[in-house]
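# Commentary on secondary and tertiary structure
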Amino acid sequence: MKTNSLSLTRKRLIITVMISCLLFCALSVRLAFIQLIQGKDLQSKAAEQWYRDLPLEAARGEIRDKNGVVLAESKDVYTIYVRPNAVDSAKASVVLGEKLGLDVQKLKEKIDSSGVSEITVMRNVDAAVAESIRDYRLEGVYFTLDKKRSYPFGERMAQILGFTNIDNEGQNGLEGYYNDFLRGVDGAALTASDIKGKELGEAATYLPSVPGCDLTLTVDTKIQAFAEDAVRSAYTEWGAKNAYMIVMDVNTGGITAMAAAPSYDNNEPPRDDMPLLNALSKNKMIVDVYEPGSTFKIFTTAAALEAGAVSESDRFFCPGYRIVDGQRIKCWRTIGHGSQDLSEGVMNSCNCVFMDLAGRLGVDRFYEYLRAFGFGSKTGVDFYGESKGLLMNQSSVKTVDLARIGFGQAVAVTPLQLITGVCAAVNGGLLYEPYFVSSITDVSGKTVYERNPVTVRRIISEETSDVMRKLLTRVVAEGGGSKAGVKGYAIGGKTGTAQKYADGAIAQGKYVSSFIGFAPADDPRYAVLMIVDEPSGYTYYGSIVAAPYAGRTFSRIFEYLSVPPSQSESVAYTVMPELTGMTAADVKAALKSAALNFETACEGETVVSTVPAAGEKLPEGDVVLVRFG
């Protein structure tokens, strides 16, 4: 019996030891799991219980022009917090209320009734105001250094740069497109506190923020200023709905300037009026489309020359209209241009010539060139919301549609598409992808992205491009683009005047006046597109409304870049003759004798007025407006 009892005791002891070992092993495994696997997570949770963190906002990267001029930067501001469990609410409410312009009683009630560990009193507090509050050394009142976006030039480049929200996140423009590069990584200030949130007196621990990257643009601030002066002047002087200008580097696709009027101050966007803000901040030169009118004739000419459908010696007769598919399509000059060669047809902007060229090309071949120039597709510019324009379905194009497309009707383009295509027509035949940002650098100065010009395709030969430059130079030297001329310099270009449509019908009295030009004509460096949307009054031709602003911009660019004149500066002048009461035939003879070009407005038998008036001194080759009634 005694032996059995000992044996049973031994067994019980062994079982007890084994259970103890298993429990110890389990506890050891659990402890190891907690320390090695869950350690960091539990430490973080503990820190959340014992530490309060205040964010340290990262400085948003700067945006600079091609010469290093700062266009967008981060300005130091403060966010002021209160910890209800650590503050004298009465004293703090008085100081904060007076300094920040807040209701003292409401602020005190908010602090006293709060059940949270921290209250945000105000954000974006100016540094001087924050320092004046700090001087009071109020317990339980804390400050964090934040960053507010600042635009040193205010309205300048507003539609390009875009703006940020209260959290410093890019909302549109380049601020939105490159937000991931610009915004940086936020840091934090950590302070030890008890379970109620009261500070324990330990020194704060700082986790530094990492500033965002800086953008360098292709934009030149000086040339941008010239463009903005031009659009503001045109908008005001012509009582227009809008005015736009784009300046592009012909040989790279880099956007040198892009301006719009009306505009807004990027530092004070009208956030309380969202429809107005959306209208003013929308970059219509990239997002919206319009019917280009006669500026589109550049592409019809280039396509016909490259395809061998026309030669410079070919002649055309314009009686003032063409009958196409049984429809009478008028030339802008209803009395006709008579017999003319290709150069004269381009200079005269004769609709009949371009209807003929489109007909010679045919739908399939013409569309092949139009698509090669980039119409009907996005350019690929580094910007949100780009439109691809509007081209009729190729299979639906009738002969009458083809004729209208030939002189810039029945097609819609973005201003950016147009200037990009024109650059290809005159730079030797290469289409470049347009762009704003040339490089991105991080906080250490290291280049993390560098953009080189991207050649999309060759469209026309260098020989065809040479001919295009020659034809378009004559337009400015002798034709409707003369008001874009600059004394001593050769400039090429083309005017455009397009009627607007509303609800599928022509909107009476509403036009888009434009001019597209390039210089120096023999070796182009810059292209300028000027658009005046809905100029008021009966003067709406691009030759009169838009071309002069392009000429002034070219003149300022030449002076800024110290481009020497290539031609004699001597200019011959003439005098505007008296034309009132004359018939169309007499007007043509009188203005030819005076070495003046002209546009006509309205239809009638005799002249009722002219711009300028009779007797005014003008340079030979200038364009005047003759109104019939």
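Going by the structure above, here's the rest.
Residues numbered from 1 in each chain as written. Predicted model: local features only at pLDDT ≥ 70, side-chain atom pairs only at ≥ 80, totals over all residues. Heavy atoms only, no water.

### Structural notes on the overall build of the protein
Across its full length, the protein carries 20 helices and 26 strands. Across the 629 residues in the protein, those meeting the buried criterion constitute 52%. Contacts in the protein between residues at least 24 apart in sequence constitute 73% of all its contacts with a sequence separation of at least 6. (Helix = DSSP H or I, 4+ residues; strand = E, 2+ residues; numbered from the N terminus. Buried < 20%, exposed > 50% of the residue type's maximum accessible area, 1.4 Å probe, protein only. Contact = heavy atoms within 4.5 Å.)

### Thoughts on helix 16 (residues 415–426)
For helix 16, which comprises 12 residues, the first-to-last C-alpha distance of 17 Å matches the rise-based estimate of 16 Å (1.5 Å per residue) to within 8%. Listing the buried residues of helix 16 in full gives P415, L416, Q417, L418, I419, T420, G421, V422, C423, A424, A425 and V426. Directly beyond the C-terminal end of helix 16, a positive phi value near 115° is found at G428. (Expected span 1.5 Å × (residues − 1).)

### Remarks on empty space enclosed by the protein
Taken as a whole, this structure holds one cavity of 30 Å³ or more when the rule is applied. Here the largest cavity is characterised by a volume of approximately 30 Å³. The element contributing the most residues to the lining of the largest cavity is helix 12 (residues 297–307), with three residues. (1 Å grid on protein atoms, 1.4 Å probe; cavity = no way out; pocket = protein on both sides within 12 Å on 5 of 7 lines; lining within 4 Å. Points joined across faces, edges and corners; volume = space filled by probe spheres on them.)

### Observations concerning the nonpolar core
Membership of the largest hydrophobic core comes to 98 residues, with the highest contact counts inside it found for L217, M258, L342, F373, I419 and F436. If one sorts the elements of this core by residue count, helix 14 (residues 351–372) sits on top with 13 residues. One finds A227, M245, I491 and A601 within the second-largest nonpolar core, a separate group that totals 40 residues. (Core = buried A, V, L, I, M, F, W, Y, C linked by side-chain atoms within 4.5 Å.)

### Regarding the packing of helix 14 against helix 15 (residues 399–406)
Relative to each other, helix 14 and helix 15 sit at 95°, their axes nearing to 8 Å. One way to sum up the angle between helix 14 and helix 15 is to call them roughly perpendicular. Note on element contacts: helix 15 touches helix 14 through L402, A403, I405 and G406, opposite F354, M355, A358, G359, G362, V363, F366, Y367 and L370. Within the contact of helix 14 with helix 15, the residues separate by chemical class into 10 nonpolar, three polar and no charged. (Axes fitted to C-alpha atoms, helices over the stretch in contact; angles between N-to-C directions. Parallel < 35°, antiparallel > 145°, perpendicular 65-115°, else oblique. Nonpolar A, V, L, I, M, F, W, Y, C, P; charged D, E, K, R; others polar.)

### Description of the side chain of N266
Relative to the helices and strands, N266 resides in the loop between strand 10 (255–261) and helix 10 (274–281). Among the polar contacts listed, one links the side chain of N266 to the backbone oxygen of G162, at a separation of 2.7 Å. Here the side chain of N266 touches Y264 through a polar contact of 3.0 Å, side chain to side chain. Ignoring sequence-local partners within four residues, the contact set of N266 consists of Y151, G154, A158, L161, G162 and F163. (Polar contact = N/O pair within 3.5 Å; in protein donor to acceptor, adjacent residues only side chain to side chain.)

### Overview of the packing of aromatic side chains
Scanning the model with the defined rule gives 15 aromatic pairs in all. Measuring from centroid to centroid gives 6.3 Å for Y178 and F181, while their planes differ by 50°, and the two rings are tilted. Relative to F375, the ring of F299 has its centre 4.8 Å away and its plane inclined at 75°; by these criteria the two rings are edge-to-face. With a gap of 76 residues between them, F299 in helix 12 and F375 in the loop between helix 14 and helix 15 connect regions that are remote in the sequence. F375 gets classed as buried once you look at its relative accessible area, which sits at 3%. An aromatic cluster is defined as three or more aromatic residues linked by ring pairs; in this entry it consists of Y177, Y178, F181 and Y384. Directly above the aromatic system of F143 lies the positively charged group of R134, at a separation of 4.5 Å from the ring centroid. Lying over the aromatic face of Y321, R328 brings its terminal NZ or CZ to 3.7 Å of the ring centre. (Phe/Tyr/Trp six-rings, centres within 6.5 Å; stacked < 30°, edge-to-face > 60°. Lys NZ or Arg CZ within 6 Å of the ring centre and 35° of its normal.)

### Comments concerning the pairing of strand 3 (residues 70–82)
Across two bridges, strand 2 (residues 63–64) lies against strand 3 in antiparallel orientation. Paired with R64 across the two strands is V70, which belongs to strand 3. Adjacent in sequence and paired antiparallel, strand 2 and strand 3 are bridged by five residues, among which G68 carries a positive phi angle near 90°. As defined by bridge partners, strand 3 adjoins strand 5 (residues 141–150) across 10 bridges and the pair is classed as antiparallel. By the bridge assignment for strand 5, I80 is matched with F143. With five bridges connecting them, strand 3 and strand 4 (residues 119–126) associate as antiparallel partners. From the neighbouring strand, I80 faces strand 4, where its bridge partner is M122. (Pairing = 2+ DSSP bridges.)

### Description of a nonpolar patch on the surface
There is a patch of nonpolar side chains on the surface, built from I15, I19 and L23 and spanning about 290 Å² of accessible area. Mapped onto the elements, I19 comes out in helix 1 (residues 2–37). (Patch = residues over 30% accessible without salt bridge, like charges linked within 9 Å, V, L, I, M, F, W, Y side chains within 5 Å. Areas by Shrake-Rupley, 256 points an atom, 1.4 Å probe, with all protein chains shown as cover. Salt bridge = Lys/Arg side-chain N within 4 Å of Asp/Glu carboxyl O.)

### A few points about unusual backbone geometry
Of all residues except glycine, most have a negative phi; of all peptide bonds, most are trans. Cis rather than trans, the peptide bond between A519 and P520 has omega equal to -15°. Phi angles above zero are rare outside glycine, and S349 is one such case at about 55°. Residue position: S349 is located in the loop between helix 13 (342–348) and helix 14. Given the relative accessible area of 8%, S349 is considered buried.

### Things to note about the sheet that holds strand 19 (residues 492–502)
The five strands are arranged 10-9-21-20-19 in an open sheet whose pairing can be described as antiparallel. In this open sheet, the two strands that pair with only one neighbour each are strand 10 and strand 19. The mean inter-strand angle of the sheet, taken between neighbouring strand axes irrespective of direction, is 10°. Where strand 20 (residues 505–519) lies against strand 21 (residues 526–533), eight bridges are found, and the strand directions are antiparallel. Bridge pairing links V512 to D533 in strand 21.

### Observations regarding the packing of helix 9 (residues 221–237) against helix 19 (residues 547–560)
The geometry of helix 9 relative to helix 19 is characterised by a closest axis approach of 10 Å and an angle of 160° between their N-to-C directions. By the criterion of interaxial angle, the relationship of helix 9 to helix 19 is roughly antiparallel. Crossing geometry of helix 9 relative to helix 19 is assigned as right-handed. In this structure, helix 9 contributes K222, I223, F226, D229, A230, S233, A234 and E237 to the contact, and helix 19 contributes Y549, R552, T553, R556, I557 and Y560. (Left-handed = near helix turned anticlockwise from the far one by under 90°.)

### Quick look at the pattern of salt bridges
Enumeration over the complete set of coordinates arrives at 24 salt bridges. Each of E228, D229, R232 and R556 takes part in one network of salt bridges that share partners.

### Some thoughts on the sheet that holds strand 23 (residues 597–601)
Strand order in the open sheet formed by three strands is 23-26-24, with mixed pairing between adjacent strands. Of all strands in the sheet, those with a lone pairing partner are strand 23 and strand 24 (607–611), marking the two edges. Mean inter-strand twist for the sheet, computed between neighbouring axes without regard to direction, equals 25°. Judged from the four bridges that link them, strand 24 and strand 26 (residues 623–628) form a sheet pairing that is antiparallel. Within the sheet, the bridge partner assigned to V607 lies in strand 26 and is F628. Sitting on the sheet, helix 20 (residues 584–593) is in contact with strand 23, strand 24 and strand 26, with an inclination near 165° to strand 26.

### Side note on helix 10
Each turn of an α-helix holds 3.6 residues, which means side chains three or four residues apart point in the same direction. Turning to helix 10, its buried residues number three or more, namely L277, L280 and S281. Buried residues of helix 10, viewed axially, fall in a sector of 90°; they line one side. Next to the buried residues of helix 10 lie helix 6 (158–161). (Arc of directions from axis to C-beta.)

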